[in-house]
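Structural overview for review
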Protein chains: 2
Amino acid sequence: MKKSFGAKTIIFPTPAWVVCTYDSNGKANGMTAAWAGVVCSEPPAIGVSVRKSRYSYQCLLDRKAFTVCVPSEKYAREADYFGIASGRDTDKFMESGLTAVRSELVDAPYIGEFPMIVECRLIHHFDLGVHTQFVGEIIDVKVDDDKLNDDGNPDIEKIRPLVYAPTVQQYHGIGPALGRGYRLGKTLK
Amino acid sequence: MKKSFGAKTIIFPTPAWVVCTYDSNGKANGMTAAWAGVVCSEPPAIGVSVRKSRYSYQCLLDRKAFTVCVPSEKYAREADYFGIASGRDTDKFMESGLTAVRSELVDAPYIGEFPMIVECRLIHHFDLGVHTQFVGEIIDVKVDDDKLNDDGNPDIEKIRPLVYAPTVQQYHGIGPALGRGYRLGKTLK
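Residues numbered from 1 in each chain as written. Chains lettered and ligands numbered in written order. Predicted model: local features only at pLDDT ≥ 70, side-chain atom pairs only at ≥ 80, totals over all residues. Heavy atoms only, no water.

On to unusual backbone geometry, then. All names here are of chain A. A cis amide bond links Phe12 with the next residue in sequence, Pro13, at an omega value of -10°. Along the polypeptide, Pro13 turns up in the loop between β1 (2-4) and β2 (14-15). Positive phi is not limited to glycine here, since Thr167 has a value of about 70°. As for its position among the elements, Thr167 is in the loop between β12 (163-165) and β13 (170-180). A relative accessible area of 39% places Thr167 in the partly exposed class. The phi dihedral of Tyr182 falls on the positive side, at around 65°, and the residue is not glycine. Inspection of the secondary structure puts Tyr182 in the segment after β13. Exposure remark for Tyr182: the relative accessible area of 42% places this residue in the partly exposed category. (Helix = DSSP H or I, 4+ residues; strand = E, 2+ residues; numbered from the N terminus. Buried < 20%, exposed > 50% of the residue type's maximum accessible area, 1.4 Å probe, protein only.)

The subject of this paragraph is helix α2 (residues 76-84) of chain A. Helical geometry: 3.6 residues make up each α-helical turn, so side chains three or four residues apart lie on a common side. Where burial is concerned, most of α2(A) is hidden: seven out of the nine residues are buried. Taken together, the buried positions of α2(A) are A:Ala76, A:Glu78, A:Ala79, A:Asp80, A:Tyr81, A:Phe82 and A:Gly83. Of the surrounding secondary structure, the elements contacted by the buried residues of α2(A) are β3 (17-22), β4 (28-33), α3 (92-96) and β13 of chain A together with β13 (170-180) of chain B. (Contact = heavy atoms within 4.5 Å.)

Atomic detail in the predicted coordinates should be set aside for any region of low pLDDT. Mean pLDDT over chain A works out to 97, with 99% of the residues at or above the 70 mark. In the predicted assembly, ipTM is 0.97 and pTM is 0.97. (pLDDT = per-residue confidence, 0-100.)

A few words on the pattern of salt bridges. Side chains that differ in sign of charge can pair as their charged atoms come close. Residue and element names in this part refer to chain A. According to the stated counting rule, one finds 16 salt bridges over all chains in the structure shown. The closest approach of N and O atoms between Asp107 and Arg63, which form a salt bridge, is 3.1 Å. Of the two residues, Asp107 is situated in the loop between β8 (100-102) and β9 (109-111) and Arg63 in helix α1 (residues 55-63); the sequence distance between them amounts to 44 residues. The exposure class of Asp107 is partly exposed, given its relative accessible area of 29%. You can call Arg63 partly exposed: its relative accessible area is 24%. Salt bridges sharing common partners tie together Glu119, Asp140 and Lys142. (Salt bridge = Lys/Arg side-chain N within 4 Å of Asp/Glu carboxyl O.)

Structure follows, in structure tokens:
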């Protein structure tokens, strides 16, 4: 028997990524986003949704660039902090002790300590209601070289990204591997 | 030291959700989507990106409705199958043995066995390149009543949704709880 929850944004899993920008003074800032995901393969693109009231909103429009920084489990506290504080009255990098690294490819900083970074150039923004979705073309993906698997690809079990459960507001880690995409389903019959 | 992977859609985690529609003959169909996420809180909305070549593409445009069905770990094989087969030449529900339940709220079916269902009415579609992003306003969220926590809210550890790692094409389960959103970060200092 299913219980109805009404018209609410309840769905699992969502990510917990930190979207970083420079403000008009050149100060590095970041905000945690769960309303985000890949939106296109070619051009490769990510969408991140930001409320108009957020300090990052104007930074995104002005700089037309952002990075998506993937925290590992050990940075869950910092990731959550970036979702609580506001860049209007806080230097989140200074307060958290994290390092703002200037991207050489886009006009945005990234978090040096985080293991996986996606550098984006703003190509669209869509006003959807209280959130505006900012779509960034992926210019580069950078991953710590000690977080790769034997094939040289990013290893999710080494990166250990966060999973966020909205409504219940809980962060989780990644669990055990369950099978390979485009293979598991072939064993159905 | 970070290694560059270039302009690729590599980011963790992404979801593995099955987007269900009716085709022009009224046949229930579904496709697995990892390029998807919440995009707005008010109106509550989800975005799912679909290639023009997919059978679901025209179904979404014609029916202007879809459901997002969240598989639990035990349905990882079926979820992957829905990403491999095409509704053009297959009845995926018949082949997989899953049950297509007609939504009473939108013109789309949902997968009865999956623990979490989001029913959506199409409100936007954005041509982004090889993918079109379909944005659906959430009309209702339904969750199996044995998958709720003591507060009556959906419990991610009971629902056990899939996490997908693109590029390495691996499904994972949910790991241990790491802390509460909007609370963990307050302990930073």
